[in-house]
Amino acid sequence: MPVYCYRCGSCGRTMEEFFHRTKHARSPRCPGCEKRMQRDIHAEFGGPRAQGQWPIYSDAMAVHPSQIADAKHQADVLGVPTEFVEQDCPEADKWAGQPIFTSQRHQDEYLRKVTGGKIVNLDKYG
Ligand SMILES: [Zn+2]
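Engineer: Which parts of the structure should I look at to understand the overall build of the protein?
Structural biologist: When you go through the protein residue by residue, the secondary structure sums to four helices and six strands. Counting only residues that meet the buried cut, the protein has 18% of its 126 residues in that class. Here the contacts in the protein between residues at least 6 apart in sequence split such that 49% fall between residues at least 24 apart.

Structural data, given as structure tokens:
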């Protein structure tokens, strides 16, 4: 089960929780000030400061939100486990279905295997 990170936009408190679909139909309340917390994807993947500009989300490689489970399964089968921005995250309007790459190696491997060897970094031609 994935760990989700949350940050309170009001007081800045952070929290990690195991994700439960039913429990997290809405984001949890801040234990400090009771405001709704926002999911913090950057914190979940180590943060951009820790890894240069990573993680990045790929608009070019995005799948339809209904295909997220299939895309994850395909990535697992291909040997490049990849997370996708889920439909229920706060940024879903913009980013749902986009793969989340944690390093250049990760992105290159994903592109190489998903495209069957044609190494085309679509983001570079956006
Ligand atoms: Zn708070």
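Engineer: What is the right way to read unusual backbone geometry from this model?
Structural biologist: Apart from glycine, the bulk of residues carry a negative phi angle, and the bulk of peptide bonds sit in the trans form. For glutamate 34, which is not glycine, the phi torsion reads 75° and is therefore positive. Relative to the helices and strands, glutamate 34 is located in the loop between strand S2 (14-18) and strand S3 (37-39). Here glutamate 34 falls in the exposed class, since 10 other C-beta atoms lie within 10 Å of it.

Engineer: Teacher, can you tell me more about the sheet that holds strand S6 (residues 99-101) here?
Structural biologist: With antiparallel pairing, the three strands of this open sheet are ordered in space as S4-S6-S5. Two strands bound the open sheet, and with one partner strand each, they are strand S4 (56-57) and strand S5 (83-84). Relative to S6, S5 runs antiparallel, the two being bridged by two bridges. If you follow phenylalanine 84 over to S6, its bridge partner there is proline 99.

Engineer: Explain helix H4 (residues 104-114) to me, please; I cannot follow it from the model alone.
Structural biologist: Three or four residues apart is the spacing at which side chains of an α-helix point the same way, because the helix has 3.6 residues per turn. Those residues of H4 that fall on the buried side of the exposure criterion are Gln107, Tyr110 and Leu111. Axial view of H4: buried residues confined to an arc of 95°, hence all on one face. The inward-facing, buried residues of H4 abut helix H2 (68-77) and S6. After H4 finishes, the residue glycine 116 shows a positive phi value of roughly 70°.

Engineer: Before we go on, may I ask you to explain the environment of serine 10 in this structure?
Structural biologist: Residue position: serine 10 is located in the loop between strand S1 (3-8) and S2. Assessed through the 13 C-beta atoms surrounding it within 10 Å, serine 10 is described here as partly exposed. Taking the C-alpha atoms as reference, serine 10 lies 8.9 Å from arginine 36; in sequence the two are 26 residues apart.

Calculation criteria
- Residues numbered from 1 in each chain as written.
- Predicted model: local features only at pLDDT ≥ 70, side-chain atom pairs only at ≥ 80, totals over all residues.
- Helix = DSSP H or I, 4+ residues; strand = E, 2+ residues; numbered from the N terminus.
- Buried ≥ 20, exposed ≤ 12 C-beta atoms within 10 Å, placed from the backbone.
- Contact = placed C-beta atoms within 7 Å.
- Pairing = 2+ DSSP bridges.
- Arc of directions from axis to C-beta.

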